[in-house]
Amino acid sequence: MEFKFSDREELLRKTVRDYAEKEIPPYMEAMEETGEFPVELLKGMGQMGILGVITAPEYGGAGMGALARIVVLEELGRVCPAIPMAIQVHHMCTYALSTWGNEEQKKKYLPPLCKGETMGVVAVTEPSGGSDVGGMQTTAKLDGDKYILNGRKCFITNSHHADTWVVIARTGEGGKGLSAFIVENDFPGAKAGRKENKVGLRGANTGELAFNNCEVPKENLLGNEGDGMTTAIQDIVQCGRPGMAAVALGILNGVLEQAVKFAGERTLYGKSISKLQAIQWHIADIYADLEISRLLTYRVGWMIDQKINCAAESALAKQFACEAAARSARKAIEIHGSYGIMHEYAVQRLLRDAVVTIPAGGTAEIAKLVMFRQALSMFGL
Amino acid sequence: MRIIVCVKPVPDPKHWNRLQLDPKTRTLVRKGIPGTINPLDRHALEAALTLREQEGGEVLVVSMAPEDSQPVLKEALAMGADRAVLLSDRVFAGSDTLGTAYVLSVGIERLGEFDLILCGDETIDGGTAQVSAQLAEFLGTPNVMHVSGLEVSPGKPWLARSQIEHGYTLVEIEPPMVLSVVKTINTPRYVTLMNILEAEQKPIEVWSANDVTLSEPWAGLAGSPTQMADLFAPERKGMAEMITGDPKEQAAKLADRLHRLGFC
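The model shown is predicted, which means the values in this text are computed figures rather than measured ones. Residue indices follow the written sequence of each chain, beginning from 1 at its first position. Just so you know, chain letters begin at A and ligand numbers begin at 1, following the order they were written in. Selection of residues for local features in this predicted model requires a pLDDT of at least 70, selection of side-chain atom pairs for listing and counting requires 80 or more, and totals for whole chains, interfaces and linings are taken over all residues. Side-chain measures were taken over the full set of non-hydrogen atoms in the model, leaving aside hydrogen atoms and water.

A. Region of interest: the interface of chain A and chain B. Pairs of residues are marked as contacts when any of their non-hydrogen atoms sit within 4.5 Å. Contacts between the two partners involve 23 residues from chain A and, on the opposite side, 17 residues from chain B. A combined buried area of about 1500 Å² lies between chain A and chain B, and 64% of that area is made up of carbon and sulfur atoms. Contact with chain B buries surface across chain A, with Leu11(A), Lys14(A) and Met48(A) losing the most and accounting together for 35% of the total. Salt bridges are defined as contacts in which a side-chain nitrogen from Lys or Arg sits within 4 Å of a carboxyl oxygen from Asp or Glu. Between Glu75(B) and Lys14(A) there is a salt bridge whose closest N-O contact spans 3.0 Å. Between N or O atoms, a polar contact is any pair within 3.5 Å; within protein, one atom must be a potential hydrogen donor and the other a potential acceptor, and residues adjacent in sequence are included only when both atoms are from side chains. The interface formed by chain A and chain B holds eight residue pairs in polar contact (both at pLDDT 80 or more) in total. Secondary structure elements follow DSSP: runs of H or I of four or more residues count as helices, runs of E of two or more count as strands, with numbering from the N terminus. For the side of chain A that touches chain B, the element with the most residues is helix α1 (residues 7-23) of chain A, which contributes 13 residues. When residues are sorted by character, Ala, Val, Leu, Ile, Met, Phe, Trp, Tyr, Cys and Pro go into the nonpolar class, Asp, Glu, Lys and Arg into the charged class, and all the rest, Gly among them, into the polar class. Class assignment of the residues belonging to the side of chain A that touches chain B gives a composition of ten nonpolar, five polar and eight charged. When two parts are brought into contact, each loses some accessible area as probed by a 1.4 Å sphere; the total of that loss over both is the buried area.

Below you can see the structure in the form of structure tokens.
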């Protein structure tokens, strides 16, 4: 087994870290206040190759693969977790288009998404629930040379900034009755609706997408009619859950840095609090959570690059890393004492951010269901 | 146009809190500290890449460093350099600035003719700011330091803007030349993900002492005239004192304090 990153990935980490540390902090205060994603960053991230990290070079991407994507998201998240939250959903859009799009669709939509001229989103969740994909109610009815979409999607990341929406809607009965569509935000009847006001990851805009007799050209069907369930599930397994785990890795990096820094600087009883065993154990726990989450998440990236089925591993990485981020952020707040709950200190934001990762991209319970099924299958059950 | 950029791998400043000094060898313990391109060399490389974009030609990176410094040169290739040469041999180890400049000069002689050599004004680890001038001397070319701007017009002398204490001087100069730059000359570009992949197609040539012509005895610790008397971290004294009041009051208090201390 090889547990060392290649020179390529090390340089990738360094360059994204340099970019993130210099370019993102000036926007962070406004992101927290307004709950808006700084779209001004998109062009630069497009030039860097961040937006097209998993897209093939012939469509304007870097084509570096899933493990590279995790490193990119982790480094962005180390500075500001809301940024990779938005970008990981953007990647879900590029992944869906790359995997199920035909040549015309890829040529039309992928290059501007990779350059940062447009922003992408994948819309699955509805007010009735996100975990029950089969229970989806948004409909798409073929009418001549177009589909007419009606319904609502909710809790959609990038809702109000995205130009290119991959939308799952019902074209028939049951699980095989779902289909995926490429919807442009200015198609007749398409509208971004209510904006949500989240406690964390505030700089990643979240809201509703509404379809009121929305007219989608027939050629914007993504894949075949009836493939929508596969598109939704595979996009979540291959992109969404590893992406959320990588956002959590970013948070864990930030949490450990803040905890170590504060413990080293704060003096009590005439000595640094890092000399106290209670504080040392907290830091050891945070370190363990970061390292375990890294191993789980990097493994998923590697498996995707090797084209190995990783539904359970992807669910495990996502569920563990997101809960570890929240658990560790709380410990970091305890190390900070009352300072930890003050807005001037980053740990309070990191806890809020971590809590938001837990239901995003599939709840912890759904992830555990996938793991449970995998555990049973190991015994032929 | 043929441009050579001298690059020094230095310990990444983000990890300086882990740096140790070895009192016996009087050197920095670099082991385990990730290397990076010396920050001012990054500006030198950016100037070279910009010039190549304007005038055409090639950009070569040359470095004298241990062989495990190759990732740092790979980063220089990813920034856009066309080719990299690493001068690496036990014989070169322990070179002072004279030895370093000499080894660089023999490596550059093997590379052949050039129009311009660019260096950073100084490094963040050694900080002597001597190598570019010594290199120019070995190569027999003019040298301008503290360069914050360069104007290149075909068929005319080049104009180098050199920073001095209270302004700048404009120097007319004809290639070939050695210039060392300050950070105000430009903003270095980011390495993009696409650049990282492209750099994998660009090889790094490693040259040992046998690959160059060392006709003088100046390479390495034995050939270096500099003898380090001592190396230590200065004691932190924490003497900062905050002067309060509005700007006028602060200025008056500061002037009074300086007067009492005998400065004015």
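Next comes the rest of the write-up.
B. Representation of helix α5 (residues 82-100) of chain A within the structure. Between its first and last C-alpha atoms α5(A) spans 28 Å; for 19 residues at 1.5 Å apiece the expected length is 27 Å, and the two agree. Think of it in three bands: residues with accessible area under 20% of the maximum for their type are buried, residues over 50% are exposed, and the middle band is partly exposed, with areas taken using a 1.4 Å probe on protein chains only. Among the 19 residues that make up α5(A), 17 are buried, leaving the element largely enclosed by the rest of the structure. A helix is expected to span 1.5 Å for every residue after the first.

C. Examining the pairing of strand β2 (residues 139-143) of chain A more closely. Residue and element names in this part refer to chain A. With five bridges joining them, β2 and strand β3 (residues 146-157) adopt antiparallel strand pairing. Note on β3: the bridge partner recorded for Ala140 is Leu149. A loop of two residues connects β2 with β3, the two strands running antiparallel in sequence, and Gly144 in this loop sits at a positive phi of about 70°. By this definition, two strands are paired if DSSP reports at least two bridges between them.

D. Focus on the packing of helix α1 (residues 39-55) of chain B against helix α2 (residues 70-79) of chain B. Residue and element names in this part refer to chain B. In this description, a line fitted to the C-alpha atoms serves as the axis of each element, helices being fitted only across the stretch in contact, and the angle between N-to-C directions of two axes falls anywhere from 0 to 180 degrees. The N-to-C vectors of α1 and α2 enclose an angle of 30°; their axes lie 10 Å apart at closest approach. Taken as axis vectors, α1 and α2 run roughly parallel relative to one another. Note that α1 runs across α2; the crossing there is right-handed. Two secondary-structure elements touch here, α1 through Arg42, Leu45, Glu46 and Leu49 and α2 through Glu75, Ala76 and Met79. Each angle gets one of four labels, with under 35 degrees taken as roughly parallel, over 145 as roughly antiparallel, 65 to 115 as roughly perpendicular, and the rest as oblique. What makes a crossing left-handed is the near helix being turned counterclockwise from the far one by less than a right angle; a clockwise turn instead makes it right-handed.

E. The pattern of salt bridges, seen in detail. Residue and element names in this part refer to chain A. Within this structure, the stated rule accounts for 30 salt bridges over all chains. Two residues, Arg78 and Glu21, come together in a salt bridge whose shortest N-O distance is 3.0 Å. Highlighted residues: Arg78 in helix α4 (residues 66-79) and Glu21 in helix α1, separated in sequence by 57 residues. A relative accessible area of 14% places Arg78 in the buried class. With its nearest N and O atoms 3.2 Å apart, the salt bridge here joins Arg294 to Glu291. Of this pair, Arg294 and Glu291 both sit in helix α8 (residues 277-305), three residues apart, roughly one helical turn. Look at the salt bridges and you will find they share partners, linking Arg13, Arg17, Glu74, Glu75, Glu291 and Arg294 into a network.

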